[in-house]
Amino acid sequence: MTTTSPTPTDEAAKPPTPPPPPGRWSTLRPLVLRLHFYAGLFVAPFLLVAAATGFLYAASFQAEKLVYAHELTVPDVGDRKLPVSEQVAAARQAHPEGTVSAVRPSPEADATTRVLLSGVEGVDPDHTLAVFVDPYTAKVRGALEQYGSTGALPLRTWIDEFHRDLHLGETGRLYSEFAASWLWVIAGGGLVLWFSRRRARRKLRGTSGRRRTLGLHGTVGAWAAAGFVFLSATGLTWSTYAGANIEDLRVSLGQTTPSVSASAAGGGEHAGHGAASGTGGDAAHGVGLDKVLSAARAEGLGDPVEIVPPADASSAYVIKQVQRSWPEKQDSVAVDPATGEVTDVLRFADYPVLAKLSRWGIDLHTGSLFGLPNQIALMLLAASLVLLIVWGYRMWWQRGRGSAFGRPIPRGAWQQVPPLLLVPLLAAVAVLGYFVPLLGIPLAVFVAADVVLGEIAHRRGRRTHTGAATPKR
């Protein structure tokens, strides 16, 4: 009797190889996708307003030069500029109302001098009336309301306030803080999702429909993500709640922005030298404006500068550089009005690191740091954000195959995350939400609502399933 060796088919079937355990990213991706989807869906209208108004603000710098060319420039450049005191006297003769709060001497050959008046009837208390004087003839070329340290005139001021608070005051500022609080989350989540997709699925050529929209959305978003994160971070630095927390942190670290001592005797700091501070008359105290400016020039303060008159009898003149373009000029000095001697000097080079970074960040955010190229870059970022929002809503529509609301991302993504990863993640989100409340509070509300709605849907489904399984009698 012959025997045959068993063939492979005779051998017992091997048990199937178990699938490899899911990696950390495979458990996190549904959570990131759901967060990106819903955050983009609900925050997008706020971001759309911020992007559109931000685009207009970036363009307003150049528009301002055209609209107010008569006030900002002189018709003929002369051989010698008149003393600043004579220019201020001409401005006061034309506009005796209010008090002189600051003087900005002509910084360029063809630029006018600005004499800033506070307490003028009909002018916002937070603004000043800027009187523009020809430095060669002392002829007044006009007067316009001015706001802020960058010298924004009515057009740019209106757009700035629209971008910042929708002309709704402090309450309106919450919209911009809400948008800034979520922009970096949406951008970061989208960037992670984009690079986690296989290269073949990121191609645009030859695609159509939702896949092409997704490709455009992801490609533009990936290129612009760093800019969005920067705008979000710098925008939060002067927001209502997150900005206050950032300021408290800087105070605790000793990284606040310093100020020159305004005491004529050289002791103690005086906090009254804001844009609308000053005393009455023509700003001539003691040795006068011209000698004070000469003393500042001797300390190396080149144009553009702003001269702030003494706030009271015990205060000094403060002369500070106001150039926000690169390289920044932010040095300042205090000059005793009685003697014309410099009593204090503060150099921008001596600012703490965080104070410098804050200054550069804000000026880059507002388009001042690098001038026209900076403003063009901001307009491109704003335009790309508008396109991303449009493509995002289009993908939502296409995801629902033409239905009115599209299909949502399934619930329960957080349940797939291992506890060892979920617990530290929740702790980090809680800390971040505390410091950025307009991120933390809406996120907590969303999670709570999502859990409740999920539980309601689960119970309805269970009742429906039980009812369907019950045989009819």
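Fair warning: this is a prediction, and the values are worked out from it, not measured in the lab.

## Side note on the confidence of the model for the protein chain
Line of reasoning, step 1. In the predicted model, the protein chain carries a mean pLDDT of 86, and 83% of its residues have values of at least 70.
Line of reasoning, step 2. Across residues 266–280, where pLDDT falls below 50, the model places 40 contacts with residues more than four positions away in sequence or in other chains.
Line of reasoning, step 3. In this model residues 469–473 is a low-confidence stretch, pLDDT under 50, and it forms 0 contacts with partners more than four residues away in sequence or in other chains.

## Here's the deal with the pairing of strand β6 (residues 317–321)
Line of reasoning, step 1. Counting buried positions along β6 gives 4 out of 5 residues, so the element sits mostly inside the fold.
Line of reasoning, step 2. Pairing geometry for strand β5 (residues 305–308) and β6, over 4 bridges, is antiparallel. The residue of β6 that forms the bridge with E306 is K320.
Line of reasoning, step 3. Of the pairings in the sheet, the one linking β6 to strand β7 (residues 332–335) comprises 4 bridges and is antiparallel in character. When the bridges of β7 are listed, K320 appears paired with S332.

## So, the side chain of S239
Line of reasoning, step 1. You can see S239 is positioned in the loop between α6 (209–236) and α7 (241–252).
Line of reasoning, step 2. Take S239: its relative accessible area is 13%, and that puts it in the buried class.
Line of reasoning, step 3. Here L236 takes part through its backbone oxygen, which lies 2.8 Å from a polar atom of the side chain of S239.
Line of reasoning, step 4. A polar contact of 3.0 Å, which involves the side chain of S239, links it to the backbone nitrogen of G243.
Line of reasoning, step 5. Apart from the residues within four sequence positions on either side, S239 is in contact with R173, E177 and A244.

## A short note on a nonpolar patch on the surface
Line of reasoning, step 1. On the surface, a nonpolar cluster with roughly 450 Å² of combined accessible area is contributed by L249, L253, V353, L354 and L357.
Line of reasoning, step 2. With 3 residues, helix α9 (residues 353–366) is the largest single contributor of residues to the nonpolar patch.
Line of reasoning, step 3. Its place among the elements puts L253 in the loop between α7 and α8 (289–298).

## Some points on the pairing of strand β4 (residues 140–146)
Line of reasoning, step 1. Judged from the 6 bridges that link them, strand β3 (residues 128–133) and β4 form a sheet pairing that is antiparallel. By the bridge assignment, V131 is partnered in β4 with A143.
Line of reasoning, step 2. A loop of 6 residues connects β3 with β4, the two strands running antiparallel in sequence, and A138 in this loop sits at a positive phi of about 65 degrees.

## Let's talk about the nonpolar core
Line of reasoning, step 1. Membership of the largest hydrophobic core comes to 32 residues, with the highest contact counts inside it found for V43, L47, W182, I186, F228 and L385.
Line of reasoning, step 2. Elements represented by at least two residues in this core include exactly α1 (24–67), α5 (173–196), α6, α10 (371–399) and α12 (437–469).
Line of reasoning, step 3. Not counting residues within four places of it along the chain, the set of residues in contact with I186 comprises H36, A39, G40, V43 and L47.
Line of reasoning, step 4. Residues V84, L117, L129 and A295 belong to the second largest nonpolar core, which totals 25 residues.

## A closer look at the pattern of salt bridges
Line of reasoning, step 1. Going through the model one piece at a time under the given rule, you end up with 11 salt bridges.
Line of reasoning, step 2. R156 is the partner of E64 in a salt bridge, and the nearest nitrogen-oxygen pair spans 3.3 Å. Taken as a pair, E64 in helix α1 and R156 in helix α4 (residues 154–165) lie far apart in primary sequence, 92 residues in all. Exposure class is identical for E64 and R156. Each is buried.
Line of reasoning, step 3. The partner of R347 in a salt bridge is D331, with the nearest N and O atoms 3.3 Å apart. Taken together, the residues span a long stretch of sequence, with R347 in the loop between β8 (342–346) and α9 and D331 in the loop between β6 and β7 at a distance of 16 residues.
Line of reasoning, step 4. Classification of R347 as partly exposed rests on a relative accessible area of 25%.
Line of reasoning, step 5. On the basis of relative accessible area, D331 is assigned to the buried category, the value being 15%.
Line of reasoning, step 6. By sharing partners, the salt bridges in this structure join R104, E306 and K320 into a single network.

## Thoughts on the packing of α5 against α6
Line of reasoning, step 1. Following both chains from N to C, one finds α5 and α6 inclined at 140 degrees, their axes separated by 8 Å at the closest point. Judged by the angle between their axes, α5 and α6 are oblique. Judged by the twist between their axes, the crossing of α5 over α6 is left-handed. Listed contacts from α6 to E177, A180, S181, L183, W184, A187, L191, W194 and F195 of α5 are L214, G215, G218, T219, A222, A225, F228, V229, S232 and L236.
Line of reasoning, step 2. A class-by-class count of the residues in the contact of α5 with α6 yields 13 nonpolar, 5 polar and 1 charged.

The rules we used
- Residues numbered from 1 in each chain as written.
- Predicted model: local features only at pLDDT ≥ 70, side-chain atom pairs only at ≥ 80, totals over all residues.
- Heavy atoms only, no water.
- pLDDT = per-residue confidence, 0-100.
- Contact = heavy atoms within 4.5 Å.
- Buried < 20%, exposed > 50% of the residue type's maximum accessible area, 1.4 Å probe, protein only.
- Helix = DSSP H or I, 4+ residues; strand = E, 2+ residues; numbered from the N terminus.
- Pairing = 2+ DSSP bridges.
- Polar contact = N/O pair within 3.5 Å; in protein donor to acceptor, adjacent residues only side chain to side chain.
- Patch = residues over 30% accessible without salt bridge, like charges linked within 9 Å, V, L, I, M, F, W, Y side chains within 5 Å.
- Areas by Shrake-Rupley, 256 points an atom, 1.4 Å probe, with all protein chains shown as cover.
- Salt bridge = Lys/Arg side-chain N within 4 Å of Asp/Glu carboxyl O.
- Core = buried A, V, L, I, M, F, W, Y, C linked by side-chain atoms within 4.5 Å.
- Axes fitted to C-alpha atoms, helices over the stretch in contact; angles between N-to-C directions.
- Parallel < 35°, antiparallel > 145°, perpendicular 65-115°, else oblique.
- Left-handed = near helix turned anticlockwise from the far one by under 90°.
- Nonpolar A, V, L, I, M, F, W, Y, C, P; charged D, E, K, R; others polar.

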